[in-house]
Amino acid sequence: MRAVRWVAVIGMVSAHMAFAQEPPAPQPAQPPDAPMAVGQRISLDLKGVDILDVLKLLSQKSGLNFVAGRNVSGRVTIFVNDVDVWDAFELIIGANDLAYERRGAIVTVMMARDYELIYGEKFQERKESFVRALRYAKVAQVATVLNQIKSSIGRVVADETTNTLIVSDVPIRLKEMEGMLIQLDRPTQSRIYKLNYADAEKLKEKMQELLSPVGTFTFDARTNTVVISDLTEVLQKAEPIIQAFDIPDSQVLIEAKIVNVSLTDDYSLGIDWQRVFAGIDANARGNFLSREVVTSSVLSGGTGVTLQVLSSDDGTKAVIEALQSIGKTDTLSNPRIMVSNNQEARILVGTKEAFVTTTTTVPATGSTVSAPEVQFQEVGTKLYVTPQIKRDGRIQLKIRPEVSSVARTVTSVANTIIPIVQTTEAETSVLVQTGSTLIIGGLIDTKDTHTDNQVPWIGNIPILGLPFKGTTTKTKKTELVVFLTPQIMLPDGTPYVLPEEAKNASQAPIGEILPQVVIEDPVPLAYRQTVRTKLQEELATQFRQASLTAGSVEVSFVLNHLGQVTGPPLVSSREGEAFVKAAHVALQHAQPFPPFPQSATSSNVRFHIAVQYAPD
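Novice: Where do I start with the overall build of the protein in this structure?
Specialist: Scanning the protein from terminus to terminus reveals 14 helices and 27 strands. Relative to its 616 residues, the protein shows a buried fraction of 38%. Pairs at least 24 residues apart make up 67% of the contacts formed inside the protein by residues separated by at least 6 positions. When the accessible surface of the protein is split by element, carbon and sulfur atoms take 52% of a total near 35,800 Å².

Given below as structure tokens:
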């Protein structure tokens, strides 16, 4: 009866199974500790089949040797198609709460609870281990990475003395960590970068995320030098990024004209800009465009109008001449200052008022000690400007003009005189084109002047002299007008010129996509230096041949991609025609200059070179 039942079971199983059509080729013998992979494919369609029958079936078809423990029981349901025999065995073990132990070519199958009683750990948490001596990577860095990969029961031990790792974990995680070790334990390279413009310490923060787990970033703050050690592919990615950061900051030349306008009674509320423009000649009026925009925080009243002047020369002169019809105008200051992008420029035209404060110290024993201290308060006209260059060639200006004066003084208890400062200020942010001029108004200052008048001698008589003396008060109002012209400058000192399409962007219809203008030098800085050096040498030669004394000259010209001057050059000199003539000859002799390098982004580039000459 036993034999009959066995044949019946085999027949039932065979009816539901389909194996590969071709018989498998004989497999070479594997060492006892080799991974179990028989290389045969199998398809199973089983439902409710006894586990012992399934194990025997797998043994017959694959040549595997299975030994079932006495507690192994249960029925198997599995539907797989064309999978490896060992993978099918693993699926059956995992789905039926079973475990196995492999010794050489024999696989012992047991219940999972029996495995835990024998070995003291769950079968699903069985661990393997390996020891690896690292050749290139630092063991501490690699251990940090592996600790993020290991399972909750895994363990990573790092021996820094021998640069060796001891890792234990479940087989799946252990395989992942072995693959990670292959990626990390590779030769690294080191490269040295001497930064010209970027700050090494700030660059470290930006580059840290790019480095691999075995990469290092060190720097010397004194020489602004960076050393990066990492894998080759990481260094290849890092180099262009460092070059992108190590570029000179864009600079803005800010020319300010601060004008103080005395207001008459007709303009006691401030300058009426519409009336001012109405009095300007129609031709000159076309040089500027008035816009009531973004003036805020005017503390002392006034119109607070902000104007954009498109022609910084003709338009500014026309407006100043028109202001003279309102009242007396006085130019307080006309400073020019260069400032880096996103940095604040500060201009002060005034004085520092001194006042004395006293600090009194009362010790536990002994007499009281008083120490006078002199402090200073800035008084006058101050202008704070912070430019931010946009990629389309415009400049976002944050402007804060301030006018202050000593209104009166008070005497403290310590008999020191303290000035009371009256301040008028405004703050605005506006987007302008390079080379255009802003006009900021609305900073009104009011001063009362008291004048004592009396008849000589008689006015000094008590009581009787009162009718012969008196006091008159005169109120004077002034409004501060600031003309501000920002100009983007290239690294060689040449003004940046907006393309025509960008100049007309302000007249573009709303919603139209405007062209992007990247502010960068169209030729490398090294090429500009080559042109400058060659022209300077020729200028010095021509100046010596003409027996010229000390002086200066400015030369502006356009080179094409072949290094030839196109169009008439612009030459100016405060020393007169002799320097101008010699400079023209020098520019002619210096040609042709070297052709543009391949990295040049324009076929015609303007150069502006200023030379200060002093004979030997």
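Novice: Would you take a moment to explain helix H4 (residues 112-119) for this structure?
Specialist: Structurally, the α-helix is built with 3.6 residues per turn, so residues lying three or four positions apart point the same way. Turning to H4, its buried residues are Ala112, Asp114 and Tyr115. Taken down its axis, H4 places every buried residue within 155° of arc, on the same side. Turned more than 90 degrees from where H4 packs its buried face, Arg113 and Leu117 sit exposed. Buried residues along H4 sit against strand S5 (98-103) and strand S6 (106-111). Count one or two residues on from H4 and you reach Gly120, which has phi positive near 75°.

Novice: Explain the sheet that holds S5 here, please?
Specialist: Note on sheets: strands pair through backbone hydrogen bonds, and any given pair is parallel or antiparallel. Spatial strand order, S3-S6-S5: 3 strands in an open sheet with mixed pairing. The sheet is open, and its two borders are formed by strand S3 (65-68) and S5, each paired with just one other strand. With direction set aside, neighbouring strand axes in the sheet form an average angle of 25°. Across 4 bridges, S3 lies against S6 in parallel orientation. Directly across from Asn65, in S6, lies its bridge partner Ile106. Contacting S3, S5 and S6, helix H2 (residues 51-62) runs over the sheet at an angle of about 165° to S3. Packed onto the sheet, helix H3 (residues 85-95) meets S3, S5 and S6 and runs at close to 135° relative to S5.

Novice: Honestly, the nonpolar core in this entry has me stumped. Any pointers?
Specialist: Nonpolar side chains in soluble globular proteins tend to end up buried together. Counting 32 residues, the largest nonpolar core has Val142, Leu146, Leu165, Val167, Leu195, Val226 and Ile228 as its most contacted members. Secondary structure elements with two or more residues in this core: helix H5 (139-149), strand S9 (164-169), helix H6 (171-184), helix H7 (200-207), strand S12 (225-230) and helix H8 (232-245). Ranked by residue count, the leading element in this core is H5, at 6 residues. Both domain 2 (128-185) and domain 3 (189-246) contribute no fewer than three residues apiece to this core.

Novice: Whenever I open this one, the sheet that holds strand S27 (residues 604-613) confuses me. Can you help?
Specialist: Spatial ordering of the open sheet is given by S26-S25-S27, a layout of 3 strands whose pairing is antiparallel. Of all strands in the sheet, those bounded by a partner on one side alone are strand S26 (565-572) and S27. Averaged over all pairs of adjacent strands, the angle between their axes in this sheet comes to 15°, without regard to strand direction. Relative to S27, helix H13 (residues 525-545) is tilted by about 45°, and along the sheet it contacts strand S25 (551-560) and S27.

Novice: What should I look at first to understand the side chain of Asn224 in this one?
Specialist: Position of Asn224 relative to the elements: it lies in the loop between strand S11 (216-220) and S12. When neighbours within four sequence positions are excluded, Asn224 is seen to be in contact with Tyr193, Lys194, Leu195, Ala198, Asp199 and Ala200.

Novice: Would you mind showing me how to read unusual backbone geometry here?
Specialist: Of all residues except glycine, most have a negative phi; of all peptide bonds, most are trans. A cis amide bond links Gln591 to the next residue, Pro592, at an omega of -5°. Tracing the sequence through the fold places Pro592 in the loop between helix H14 (577-590) and S27. If you check the backbone angles, Asp82 has positive phi at about 55° while not being a glycine. As for its placement among the helices and strands, Asp82 is situated in strand S4 (residues 75-84). A relative accessible area of 44% places Asp82 in the partly exposed class. Unusually for a residue other than glycine, Asn342 sits at a positive phi of about 65°. Relative to the helices and strands, Asn342 is located in the loop between strand S17 (336-340) and strand S18 (345-361).

Novice: How should I be thinking about the pattern of salt bridges in this particular structure?
Specialist: In a structure, side chains of opposite charge can pair up when their charged atoms sit close to one another. Tallied over the full model, the rule gives 9 salt bridges. Glu378 is the partner of Arg346 in a salt bridge, and the nearest nitrogen-oxygen pair spans 2.2 Å. Of the two residues, Arg346 is situated in strand S18 and Glu378 in strand S19 (residues 369-389); the sequence distance between them amounts to 32 residues. Residue Arg346 is classed as partly exposed on the basis of its relative accessible area of 38%.

Novice: When you look at a nonpolar patch on the surface in this model, what are you seeing that I'm missing?
Specialist: A grouping of Val455, Trp457, Ile458, Ile461, Leu464 and Phe468 is seen on the molecular surface, where their side chains present a nonpolar patch of about 640 Å² in accessible area. With respect to the secondary-structure elements, Val455 resides in the loop between strand S23 (437-454) and strand S24 (469-489). You can call Val455 partly exposed: its relative accessible area is 34%.

Novice: Help me out: how do you make sense of the pairing of S26 in this one?
Specialist: Looking down a regular strand, the side chains alternate between one sheet face and the other. Relative to S26, S25 runs antiparallel, the two being bridged by 5 bridges. Within S26, the residue paired with Leu559 across the bridge is Val565. Between S25 and S26, which pair antiparallel in sequence order, lie 4 residues; one of them, Gly563, sits at a positive phi of approximately 85°.

Calculation criteria
Residues numbered from 1 in each chain as written. Predicted model: local features only at pLDDT ≥ 70, side-chain atom pairs only at ≥ 80, totals over all residues. Heavy atoms only, no water. Helix = DSSP H or I, 4+ residues; strand = E, 2+ residues; numbered from the N terminus. Buried < 20%, exposed > 50% of the residue type's maximum accessible area, 1.4 Å probe, protein only. Contact = heavy atoms within 4.5 Å. Areas by Shrake-Rupley, 256 points an atom, 1.4 Å probe, with all protein chains shown as cover. Arc of directions from axis to C-beta. Pairing = 2+ DSSP bridges. Axes fitted to C-alpha atoms, helices over the stretch in contact; angles between N-to-C directions. Core = buried A, V, L, I, M, F, W, Y, C linked by side-chain atoms within 4.5 Å. Domains from an automatic or database assignment. Salt bridge = Lys/Arg side-chain N within 4 Å of Asp/Glu carboxyl O. Patch = residues over 30% accessible without salt bridge, like charges linked within 9 Å, V, L, I, M, F, W, Y side chains within 5 Å.

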